[in-house]
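Below are the chains, spelled out letter by letter.
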Amino acid sequence: MGLISMGSGAPPVGLDIGTDHVRAAVLKASSSAPTLAAYGRVDMPMGAVVDGEIVDPAAVSSAIRELWRQPGIKGREVLTGVSNQKVVVRLIDLPFMERDELQGAIQYQAQDYIPIPVEDAILDFQIIGDYMTPGDEHMMEVLLVAAQRDTIEATVSAVEGAGLRLSGIDVTSFAIVRSTLGSGLSVLAEEEEGPGEAVAVIHIGSGLTNIAVVEKGVPRFTRASSLSGNQFTQAVANVLNLTFDDAERLKIRAGLPDISAQTHAQPDADDADARMVQTAQDALEREVNKFIAEVRRSLDYYLTQTTQARTIRRIHLTGSSAQLAHMNTYLEKGLQAEVVLSDPLRFVQVGSSARMAAEDDRMGAAPAIGLALGGVM
Ligand SMILES: Nc1ncnc2c1ncn2[C@@H]1O[C@H](COP(=O)(O)OP(=O)(O)OP(=O)(O)O)[C@@H](O)[C@H]1O
Ligand SMILES: [Mg+2]
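Values in this document were obtained by computation on a predicted structure and should not be read as measured data.

## Some words on the sheet that holds strand S13 (residues 218–225)
No. 1: Reading across the sheet, the five strands line up as S13-S12-S11-S14-S15 and stay open at both edges, with mixed pairing between neighbours. Of all the strands in the sheet, the pair left with one neighbour each is S13 and strand S15 (338–341). Each adjacent strand pair in this sheet contributes to an overall mean axis angle of 20°, direction not counted.

What follows is the structure, encoded as structure tokens:
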């Protein structure tokens, strides 16, 4: 940002670029909770974003332009997020040094911790805290973030191609955590976490699932998985030999079977539709079991890395695909944790002009709102 700001001083718009949709949240700072002044969502053309990577920046730019034609979506400065399997977040321990010194040293320290060559990466870090070892060494805990340079460049190009200015890029998972649990070291997380406990936040979209683990109010682990809504739809399409669009409709209509039901109703052999629904449910159940195994691996990995938390008692669930019927029951059972549907509007006041659009997309709104919150807090 320049030294002399010519803008209106309004906080940047939260812009969430996804596989199926692009979304914007406009927040106004206020003395109490920030106010959501406008919210919008438009479709993303198929194939423009794949696995969290922008592969067609021009197509993404035109979707963003269309979004800026929605009521109330205005402002040239945006904050957007990146999330894909090549965005790496690691919690590392380093000998204590001042922030300025770390700024210089991180380039040399980082390679040991990230799977991409440092010269192809854009690095960022946050100092979480410092401590003394039993041997009296002064150490610090640093959250290291690395993203592939190509990912960042494609994002910049898509945003600038829409005539907007990027005021910052965040890790999408951090934004999701912000709208779910509040910012940084909030008291909320303390009340959420008992001793030896961490909290997980899972956002299930279309092309990606974002998993984050929060401990002592700070997101310390994130992972993006491609097991997400599109995979569920594809499984239904494959098993019934349907087009993707037909499978999408059937997926939403069928949902997962109700495992809490005492009896498992067998469909009437003559009822073709009931049989089709059941076949879809069986396919979805298999996908969700794979999904649970994947989340389990991530959470277990976190728990073996950390010396503090031993369990994850509560999982906050968000994302459009979290609406799959009975998803939360499956996750509770499979992950042996309490699963709560999170409300991305929890930390904002919703202005009357934003209400309808935001409530229509309540489960999908967490990243855009969290990104915008990052600009006002
Ligand atoms: N009621 C529903 N039940 C089950 N799945 C649903 C429901 N409504 C939407 N979905 C699924 O949500 C997904 C779209 O989610 P969303 O729009 O949040 O994705 P995105 O943000 O564009 O993608 P990304 O994964 O890149 O973040 C689709 O797979 C769709 O099938
Ligand atoms: Mg998304």
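Picking up where we left off.
## Some thoughts on the pairing of strand S8 (residues 121–132)
No. 1: Pairing between S8 and strand S9 (residues 138–148): eleven bridges, direction antiparallel. Following the sheet pairing, glutamine 126 is matched in S9 by leucine 143.
No. 2: Here S8 hands over to S9 after five residues, with aspartate 136 in that stretch at a positive phi of 70°.

## Quick notes on the pairing of strand S11 (residues 197–204)
No. 1: Judged by how many residues are buried, S11 sits mostly within the fold: eight of eight residues are covered.
No. 2: With seven bridges joining them, S11 and strand S14 (residues 311–318) adopt parallel strand pairing. Directly across from valine 199, in S14, lies its bridge partner arginine 314.
No. 3: Judged from the six bridges that link them, S11 and strand S12 (residues 209–215) form a sheet pairing that is antiparallel. Counterpart to alanine 200 in the pairing with S12 is valine 213.
No. 4: Linking S11 to S12, which pair antiparallel, is a turn of four residues.

## Details of the side chain of glutamine 281
No. 1: With respect to the secondary-structure elements, glutamine 281 resides in helix H8 (residues 272–305).
No. 2: Exposure remark for glutamine 281: the relative accessible area of 16% places this residue in the buried category.
No. 3: In this structure glutamine 281 touches Ala254, Gly255, Leu256 and Pro257, once residues within four positions along its chain are discounted.

## Focus on the pattern of salt bridges
No. 1: Enumeration according to the criterion identifies 19 salt bridges in this entry.
No. 2: The residue arginine 313 makes a salt bridge to glutamate 197 at a minimum N-O spacing of 3.0 Å. On the criterion of sequence distance, the pair formed by arginine 313 in strand S14 and glutamate 197 in strand S11 is long-range, its members being 116 residues apart.
No. 3: Residue classification places arginine 313 among the partly exposed positions, given a relative accessible area of 34%.
No. 4: The exposure class assigned to glutamate 197 is buried, which follows from its relative accessible area of 15%.
No. 5: In this structure, arginine 253 and aspartate 273 form a salt bridge, with 3.0 Å as the shortest nitrogen-oxygen distance. Of the two residues, arginine 253 is situated in helix H7 (residues 244–254) and aspartate 273 in helix H8; the sequence distance between them amounts to 20 residues.
No. 6: For arginine 253, a relative accessible area of 52% corresponds to the exposed category.

## As for a negative patch on the surface
No. 1: Together, Glu119, Asp120, Asp150 and Glu153 make up a negatively charged patch on the protein surface.
No. 2: Structurally, glutamate 119 is set in the loop between helix H2 (99–110) and S8.

## Looking at the nonpolar core
No. 1: Membership of the largest hydrophobic core comes to 38 residues, with the highest contact counts inside it found for Phe291, Ile315 and Met327.
No. 2: Among the elements of the structure, S11, S12, helix H6 (229–240), H7, H8, S14 and helix H9 (327–335) are those that each provide at least two residues to this core.
No. 3: Setting aside anything within four residues of it in sequence, one finds phenylalanine 291 in contact with Ile202, Ile204, Thr209, Leu227, Phe232, Met327 and Leu331.
No. 4: Ranked by size, the runner-up nonpolar core spans 25 residues in total, among them Ala24, Val49, Ala63 and Leu67.

## Side note on the domain arrangement of the protein chain
No. 1: Taken domain by domain, the protein chain comprises domain 1 (88–147) and domain 2 (186–342).
No. 2: Listed as interface residues are five residues of domain 1 and, on the opposing side, four residues of domain 2.
No. 3: When the two sides are added together, the surface that domain 1 and domain 2 hide from each other amounts to roughly 460 Å², 57% of it contributed by carbon and sulfur.
No. 4: In terms of surface lost to domain 2, no three residues of domain 1 exceed Val89, Leu91 and Ile128, which account for 68% of the buried area on that side.
No. 5: The interface formed by domain 1 and domain 2 includes one salt bridge.

## Some details on the confidence of the model for the protein chain
No. 1: Taken over all residues, the pLDDT of the protein chain has a mean of 91, while the share at 70 or more is 94%.
No. 2: For the stretch residues 1–7, pLDDT sits under 50, and the model shows two contacts to residues farther than four places along the chain or on other chains.

## Some thoughts on the site of ligand 1
No. 1: The immediate surroundings of ligand 1 are formed by 18 residues, with Thr19, Asp20, His21, Glu248 and Lys251 found nearest.
No. 2: The contact in question runs from an oxygen atom of ligand 1 to an N or O atom on the backbone of aspartate 20, over 2.7 Å.
No. 3: Within the backbone of leucine 208, an N or O atom sits 2.9 Å from an oxygen atom of ligand 1.
No. 4: For ligand 1, the protein covers 88% of the area, taking 660 Å² as the surface of the free molecule.
No. 5: Of all the secondary structure elements, the ones that give two or more residues to the shell around ligand 1 are strand S2 (21–28), H6 and H7.
No. 6: With three residues, the single largest contributor to the shell around ligand 1 is H7.
No. 7: Across the shell around ligand 1, the residue classes tally to three nonpolar, eleven polar and four charged.

Analysis parameters
- Residues numbered from 1 in each chain as written.
- Chains lettered and ligands numbered in written order.
- Predicted model: local features only at pLDDT ≥ 70, side-chain atom pairs only at ≥ 80, totals over all residues.
- Heavy atoms only, no water.
- Pairing = 2+ DSSP bridges.
- Helix = DSSP H or I, 4+ residues; strand = E, 2+ residues; numbered from the N terminus.
- Axes fitted to C-alpha atoms, helices over the stretch in contact; angles between N-to-C directions.
- Buried < 20%, exposed > 50% of the residue type's maximum accessible area, 1.4 Å probe, protein only.
- Contact = heavy atoms within 4.5 Å.
- Salt bridge = Lys/Arg side-chain N within 4 Å of Asp/Glu carboxyl O.
- Patch = residues over 30% accessible without salt bridge, like charges linked within 9 Å, V, L, I, M, F, W, Y side chains within 5 Å.
- Areas by Shrake-Rupley, 256 points an atom, 1.4 Å probe, with all protein chains shown as cover.
- Lys, Arg positive; Asp, Glu negative; His and termini not counted.
- Charge placed at Lys NZ, Arg CZ, Asp CG, Glu CD.
- Core = buried A, V, L, I, M, F, W, Y, C linked by side-chain atoms within 4.5 Å.
- Domains from an automatic or database assignment.
- Buried area = accessible area lost by both parts, 1.4 Å probe.
- pLDDT = per-residue confidence, 0-100.
- Near = heavy atom within 4 Å.
- Polar contact = N/O pair within 3.5 Å; in protein donor to acceptor, adjacent residues only side chain to side chain.
- Nonpolar A, V, L, I, M, F, W, Y, C, P; charged D, E, K, R; others polar.

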